[in-house]
Amino acid sequence: MRPKVVAGASMGAIIGAAYCAGHAPSALREHVLAATADRAATMARLIEARAGKFAEVFTTFANPLALDAEKLLDIFWPQPMPDQFEALEIPLHVVATDFFRHVGVTFSRGGLRSAVAASMAVPGLIRPVSRAGLTLIDGGAVNPLPVDALLPVVDYVIAIDVTAGPQTDKGEPPGGVELTIGMIQIMEEAIVHARLKSEPAHALLKPNVRDYQVLDFFKAPEILEAGDALRGRMREILSGIADGRPTIQPTLP
């Protein structure tokens, strides 16, 4: 059973776009595992994806390690990928955040790559994206789980929530990137809980990914296994929809 429409922010936009382009889930899984299997090659690709130069830190105070989102997509997206939303097999809504207006911006037409790049532009790690005169950052800043983009156009919404703040205490204070990403994850989780109270999905799946961070590429097998644990529940939900008796579950755990 294929969805009528897909919506996503950040990683949800990256995977959602590839799926909507016609790449099967099994093929996406194989692609992710293959792309992250060689640690040295992956690190080299990440270095290639840097947005700026180390010299810029002394002139513009830019983060010399910040990544270019579109370069990341060139490296890690499966091929082929269409240039335009209109060429996708399944309609897609991608959510980014307007940095200066402090609101979410949803893209569903026009250039696909820049929209997804904007949606994944995690502050401090990935450079903001300019599109249509706007400065755009990670959609998770305002709408990590865009259920609201689907409620007006579908009868049943299945939400997959991967927001999760750090949970395991390692016995020492977090520092650097770990602290920044952990703070972002905590805020995103709070946003999701707040939004679901007024815009509830019909079913919510939440894999146990609390101890994984944005750049944990080398933990892809573990992260995929966390998703596998929810296969049975997803089958139940899809079976109910196919039989015309969809199971409605409480949105908030």
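These remarks concern the structure in this document. Computed from a predicted model, the values in this text were never measured in an experiment.

Next up on the list: the overall build of the protein. What the protein contains, in helices and strands, is eight helices and seven strands. Against the globule reference of 18 Å for 253 residues, the protein gives a C-alpha radius of gyration of 18 Å, in line with a compact fold. For the protein, the C-alpha atoms occupy an extent of roughly 60 × 45 × 40 Å along the three principal directions. In the protein, which comprises 253 residues, the proportion classed as buried is 41%. Put simply, 69% of the contacts in the protein that link residues at least 6 apart link residues at least 24 apart. Total accessible area on the protein is roughly 13700 Å²; 59% of this is exposed by carbon and sulfur atoms. One finds the centroid of the 23 positive side-chain charges in the protein at a distance of 2 Å from the centroid of its 28 negative side-chain charges.

Summed over the entire model, instances satisfying the criterion amount to two aromatic pairs. Between phenylalanine 99 and phenylalanine 100 the ring centres are 5.0 Å apart and the planes differ by 85°, which places this aromatic pair in the edge-to-face class. Taking the relative accessible area as the measure of exposure, phenylalanine 99 reaches 44% and is therefore partly exposed. In this arrangement the basic side chain of arginine 39 is found over the ring face of phenylalanine 218, its NZ or CZ atom lying 4.2 Å from the centre.

The subject of this paragraph is the nonpolar core. Nonpolar side chains in soluble globular proteins tend to end up buried together. Formed by 42 residues in total, the largest nonpolar core has its most connected members in Leu72, Trp77, Phe85, Leu92, Leu112, Val116 and Ile126. When residues no more than four places from it in sequence are discounted, the contact partners of valine 116 are Ala13, Ile14, Ala17, Leu73, Trp77 and Val94.

With that settled, the discussion passes to the environment of leucine 215. With respect to the secondary-structure elements, leucine 215 resides in the loop between strand 7 (203-205) and helix 7 (220-228). Classification of leucine 215 by relative accessible area gives partly exposed; the value is 35%. Considered as a pair, leucine 215 and valine 177 are 38 residues apart in the sequence and their alpha carbons are 9.8 Å apart.

Taking 1.5 Å of rise per residue, 23 residues should cover 33 Å, and helix 6 (residues 176-198) covers 35 Å from first to last C-alpha, within 8% of that figure. Its buried side turned inward, helix 6 meets strand 5 (134-138) and strand 7.

We now examine the packing of helix 2 (residues 25-35) against helix 7. Running from N to C, helix 2 and helix 7 point in directions that differ by 155°, and their axes come no closer than 9 Å. In terms of orientation, helix 2 lies roughly antiparallel with respect to helix 7. Facing helix 2, whose interface residues are Arg29, Val32 and Leu33, helix 7 presents Ala220, Pro221, Leu224 and Asp228. Of the residues that constitute the contact of helix 2 with helix 7, the class distribution is five nonpolar, no polar and two charged.

What counts and what doesn't
- Residues numbered from 1 in each chain as written.
- Predicted model: local features only at pLDDT ≥ 70, side-chain atom pairs only at ≥ 80, totals over all residues.
- Heavy atoms only, no water.
- Helix = DSSP H or I, 4+ residues; strand = E, 2+ residues; numbered from the N terminus.
- Rg over C-alpha atoms; globule rule 2.2 N^0.38 Å.
- Buried < 20%, exposed > 50% of the residue type's maximum accessible area, 1.4 Å probe, protein only.
- Contact = heavy atoms within 4.5 Å.
- Areas by Shrake-Rupley, 256 points an atom, 1.4 Å probe, with all protein chains shown as cover.
- Lys, Arg positive; Asp, Glu negative; His and termini not counted.
- Charge placed at Lys NZ, Arg CZ, Asp CG, Glu CD.
- Phe/Tyr/Trp six-rings, centres within 6.5 Å; stacked < 30°, edge-to-face > 60°.
- Lys NZ or Arg CZ within 6 Å of the ring centre and 35° of its normal.
- Core = buried A, V, L, I, M, F, W, Y, C linked by side-chain atoms within 4.5 Å.
- Expected span 1.5 Å × (residues − 1).
- Axes fitted to C-alpha atoms, helices over the stretch in contact; angles between N-to-C directions.
- Parallel < 35°, antiparallel > 145°, perpendicular 65-115°, else oblique.
- Nonpolar A, V, L, I, M, F, W, Y, C, P; charged D, E, K, R; others polar.

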